[in-house]
Amino acid sequence: MVLPFRILMVVLLLAAVIALQVFLSRRKAWWPGLVLPAIEVAYSIFAIVSAIVGYYEVYGKGVPVTASLIRDTFLAFVQCNILTLVLLAVYFVCRHGQKRKKQLDKMNIQDL
């Protein structure tokens, strides 16, 4: 019974984040729509750095750099940034719609 409630809460939280992204992307200034994606990228970098520091804290030595570590780090970075890609897609769709509306308004003013 707890699992469906958690899924519902995650879906509602994701919907709220996307609604906030749409609101910020439709602002007149261009930069508010990039705040949430920037926070998400910073979070993913923080997560990877904290995993490396955590390894050092637990084992008392540096992380051995191998091909599998680089691959796993890259995959973790990509996995952490899935939401970033969604937020950027929302941003560009909203900004494209605003740019098109602005051009249509400019054409209508010139027709007068």
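Our subject is the structure that appears above.
Definitions and cut-offs
- Residues numbered from 1 in each chain as written.
- Predicted model: local features only at pLDDT ≥ 70, side-chain atom pairs only at ≥ 80, totals over all residues.
- Heavy atoms only, no water.
- Helix = DSSP H or I, 4+ residues; strand = E, 2+ residues; numbered from the N terminus.
- Rg over C-alpha atoms; globule rule 2.2 N^0.38 Å.
- Contact = heavy atoms within 4.5 Å.
- Buried < 20%, exposed > 50% of the residue type's maximum accessible area, 1.4 Å probe, protein only.
- Patch = residues over 30% accessible without salt bridge, like charges linked within 9 Å, V, L, I, M, F, W, Y side chains within 5 Å.
- Areas by Shrake-Rupley, 256 points an atom, 1.4 Å probe, with all protein chains shown as cover.
- Salt bridge = Lys/Arg side-chain N within 4 Å of Asp/Glu carboxyl O.
- Axes fitted to C-alpha atoms, helices over the stretch in contact; angles between N-to-C directions.
- Parallel < 35°, antiparallel > 145°, perpendicular 65-115°, else oblique.
- Left-handed = near helix turned anticlockwise from the far one by under 90°.
- Nonpolar A, V, L, I, M, F, W, Y, C, P; charged D, E, K, R; others polar.
- Expected span 1.5 Å × (residues − 1).

1. Considering the overall build of the protein
Broken down by element type, the protein carries four helices and zero strands. Rg of the C-alpha trace for the protein: 20 Å, well past the compact-globule value of 13 Å for 112 residues, more than 25% over. Taking the principal axes of the C-alpha coordinates as reference, the protein spans close to 75 × 40 × 20 Å. For the protein, long-range pairs separated by at least 24 residues make up 72% of all intrachain contacts whose partners lie at least 6 apart in sequence.

2. Observations concerning the side chain of Thr84
Looking at the secondary structure, you find Thr84 in helix 4 (residues 82–111). In this view, Thr84 contacts Pro37, Glu40 and Val41; residues no more than four positions away in its chain are not counted.

3. A word on the side chain of Asn81
Locating Asn81 in the fold gives a position in the loop between helix 3 (67–80) and helix 4. On the basis of relative accessibility, which here comes to 8%, the residue Asn81 falls in the buried class. Apart from the residues within four sequence positions on either side, Asn81 is in contact with Glu40, Val41 and Ser44.

4. Overview of a nonpolar patch on the surface
Together, Phe5, Leu8, Met9 and Leu12 give the surface a local cluster of nonpolar side chains, amounting to about 400 Å² of exposed area. Take Phe5: it is sitting in helix 1 (residues 2–25).

5. Thoughts on the packing of helix 2 (residues 35–59) against helix 3
Between helix 2 and helix 3, the least distance of the axes is 9 Å, while the angle of their chain directions is 150°. Considering their axes alone, helix 2 and helix 3 lie roughly antiparallel with respect to each other. In the crossing of helix 2 with helix 3, the sense of the turn from one axis to the other is right-handed. For the pair formed by helix 2 and helix 3, the contact residues are Glu40, Ser44, Ile45 and Ile48 on the first element and Thr73, Phe77 and Cys80 on the second. Residue composition of the contact of helix 2 with helix 3, grouped by class: four nonpolar, two polar and one charged.

6. Focus on helix 1
In this model helix 1 runs 35 Å from its N-terminal to its C-terminal C-alpha over 24 residues, within 8% of the 34 Å that 1.5 Å per residue would give. Listed as buried for helix 1 are Gln21, Leu24 and Ser25.

7. Looking at the packing of helix 2 against helix 4
The N-to-C vectors of helix 2 and helix 4 enclose an angle of 165°; their axes lie 9 Å apart at closest approach. By the criterion of interaxial angle, the relationship of helix 2 to helix 4 is roughly antiparallel. As helix 2 packs across helix 4, the resulting crossing turns out to be left-handed. Contacts between helix 2 and helix 4 pair Leu36, Pro37, Glu40 and Val41 from the former with Leu83, Thr84, Leu87 and Leu88 from the latter.

8. A few points about the environment of Tyr59
Examined against the element boundaries, Tyr59 turns out to sit in helix 2. As for Tyr59 and Ala19, which are separated by 40 residues in sequence, their C-alpha atoms are 43 Å apart.

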